[in-house]
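Below are the chains, spelled out letter by letter.
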Amino acid sequence: LEDHIARVKLLQPDGTPFPWEDLPVSHTWRGEEVHNVEMTIERVNGIRVPLVVNTAPLRDAEGNVISAVVAFDDITERKQAETFRSMGQDILLILSEDKNQKEAIKRVLDIIKSATGVDAVGIRLQDEDDFPYFYQEGFPEDFLLKENSLLARTKDGGICRDECGDICLECTCGLVVTSKTDPSSPLFTKGGSSWTNDSFPFLQVPVEDDPRTNPRNECIHQGFASVALIPIRAKGRVVGLLQLNDRRKGRFTLEGIEALEKIAENIGESMLRKQAEEALKESETKYRELVQNANSVIIRWRCDGTLVFFNEYAQSLFGYGADGIIGRDVRILVPETESTGGDLTELIQNIVAHPANYMNNVNENVCRDGHRVWLAWTNKPIFDEHGRVAEILAVGVDITERKKAEEALQASEEQLRSLADSIPNLAWWANGDGYITWYNQRWYEYTGTTPEQMEGWGWQSVHDPVELPKVMERWQGSIATGEPLDMTFPLRGADGVFRLFLTRVLPLKDSAG
């Protein structure tokens, strides 16, 4: 028995040698039964086979152990399934981490290479029309120089295309990434992978029987007997290829290849997600730069008023640094009462409760040093998954100077009105189209009319019907030419009597005339 055992290596599950006295058969010779002990046999060719051993002693009539029954169960497939399951969990964990894509793939390949024990692993990813290696471990440099590109080339170096105009990709890798595998062939799986445990016979396949485009056979020339090519898919589209090569024969099983297909699918979906995340980060960076450099106040606050974003323009205008304002209540920027008397005590609550009514609003705000500014706000509600307002995104434009100009203009107009109302003459003014918008108080006193009666073209009612056509002709001519109007015509007073008035109209022109 010892001579037989000496021909192979008997290893414990952790890979260390099994001591002779601890071998299941040794226990059996001592009269003990042994059940479900795991061990590994390493053959002369270096291949290790995991086993489960059960032994029982056979005794003579006197109870002496005269022989033993030993049963070995090959648990290679079970162990491989456990390995792939554990490997898949580790890979999912790596892919879920916030790592850059190349670092994540490097770690994934490290795990695959370690778990499978193959000599070389690599991942090809689509780059325009080609599928070069994105990362690899274990492939010789001369192999990579020849195999990095899958593009089929013409004699003059151009790219080959098929009758449909599609790019031609060479060798078995080309078949896998273009989904042109034949699931009825033992070389391929239903999942679109290609695998073999002995690649050398492919050198003898006649060209007319070879399904590959321009087979290079470089894997075979490099001495790789076992080769597995697994498509990497994202949203049903092949975006890459996972490759495992080993110089020993018999390194793969169909179950193992199918497990690798699931892992490759996870890699593809993760890559798609990471690409989307990186694109989102890039977009967010550009958006943040745009927001920070915008010549407008941009703030965001929760429905309870807590500020969560305050751009640099807002910081400059209101006098708060980000650290001093983020987390504080937005009401710190809103006075209870505007300088014009407007009540703002419930403004924030109303914006949250009735966002549709406050898509645009103008109000006075207060800065850190106490001085006040007017802003025109555009408010956008941000809803949670339940449709409730979670935050308000507010963009404000400083209109303080415009507000001051409007107030100054209003004050000037009021002064002008007061002056016009104090003179004994009849006075009015009109728009550029002749529509009269205002009369002084003396007009209403003389004519006995109201603003509603006189609005627009209502003044015709106090003119003499006989003279009115002449008045209209002269008035419309003055409007058309922009020339002053001097004319005498009768107007009816509140007592019904017509009296003559000398009327002078002077146009007010803008900078364009």
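Whatever comes next refers back to the structure up there.
Heads up: these notes are all about the structure in this document. Given the structure is predicted, the values throughout are model-derived calculations rather than measurements.

1. Section: the packing of aromatic side chains
Move 1: For the coordinates displayed, the defined rule picks out 11 aromatic pairs.
Move 2: Three or more aromatic residues joined by ring pairs form one cluster here, namely Tyr 133, Phe 139, Phe 143 and Phe 224.
Move 3: A cation over an aromatic ring shows up here: Arg 124 above the ring of Tyr 133, its NZ or CZ 4.0 Å from the ring centre.
Move 4: Between the NZ or CZ atom of Lys 403 and the centre of the ring of Trp 374, over which it lies, the distance is 4.4 Å.

2. Here's the deal with the environment of Ser 478
Move 1: As for its placement among the helices and strands, Ser 478 is situated in helix 15 (residues 468–481).
Move 2: The spacing of Ser 478 and Asp 198 is 280 residues in sequence and 103 Å in space, taken between C-alpha atoms.
Move 3: If sequence neighbours within four positions are ignored, Ser 478 has contacts with Glu 483, Pro 484 and Leu 485.

3. Regarding a negative patch on the surface
Move 1: Taken together, Asp 73, Asp 74, Glu 77, Glu 255 and Glu 258 make up a surface patch of like negative charges.
Move 2: Every element with two or more residues in the negative patch is listed here: strand 4 (65–74) and helix 8 (254–293).
Move 3: Following the sequence through the fold, Glu 255 ends up in helix 8.
Move 4: By relative accessible area, which is 44% here, Glu 255 ends up partly exposed.

4. As for the pairing of strand 18 (residues 498–505)
Move 1: With 8 bridges joining them, strand 17 (residues 485–492) and strand 18 adopt antiparallel strand pairing. Bridging from a neighbouring strand, Met 487 pairs with Thr 503 of strand 18.
Move 2: Following strand 17, the chain reverses through 5 residues before pairing antiparallel with strand 18; Gly 496 in that reversal takes a positive phi of roughly 90 degrees.

How each quantity is defined
- Residues numbered from 1 in each chain as written.
- Predicted model: local features only at pLDDT ≥ 70, side-chain atom pairs only at ≥ 80, totals over all residues.
- Heavy atoms only, no water.
- Phe/Tyr/Trp six-rings, centres within 6.5 Å; stacked < 30°, edge-to-face > 60°.
- Lys NZ or Arg CZ within 6 Å of the ring centre and 35° of its normal.
- Helix = DSSP H or I, 4+ residues; strand = E, 2+ residues; numbered from the N terminus.
- Contact = heavy atoms within 4.5 Å.
- Patch = residues over 30% accessible without salt bridge, like charges linked within 9 Å, V, L, I, M, F, W, Y side chains within 5 Å.
- Areas by Shrake-Rupley, 256 points an atom, 1.4 Å probe, with all protein chains shown as cover.
- Salt bridge = Lys/Arg side-chain N within 4 Å of Asp/Glu carboxyl O.
- Lys, Arg positive; Asp, Glu negative; His and termini not counted.
- Charge placed at Lys NZ, Arg CZ, Asp CG, Glu CD.
- Buried < 20%, exposed > 50% of the residue type's maximum accessible area, 1.4 Å probe, protein only.
- Pairing = 2+ DSSP bridges.

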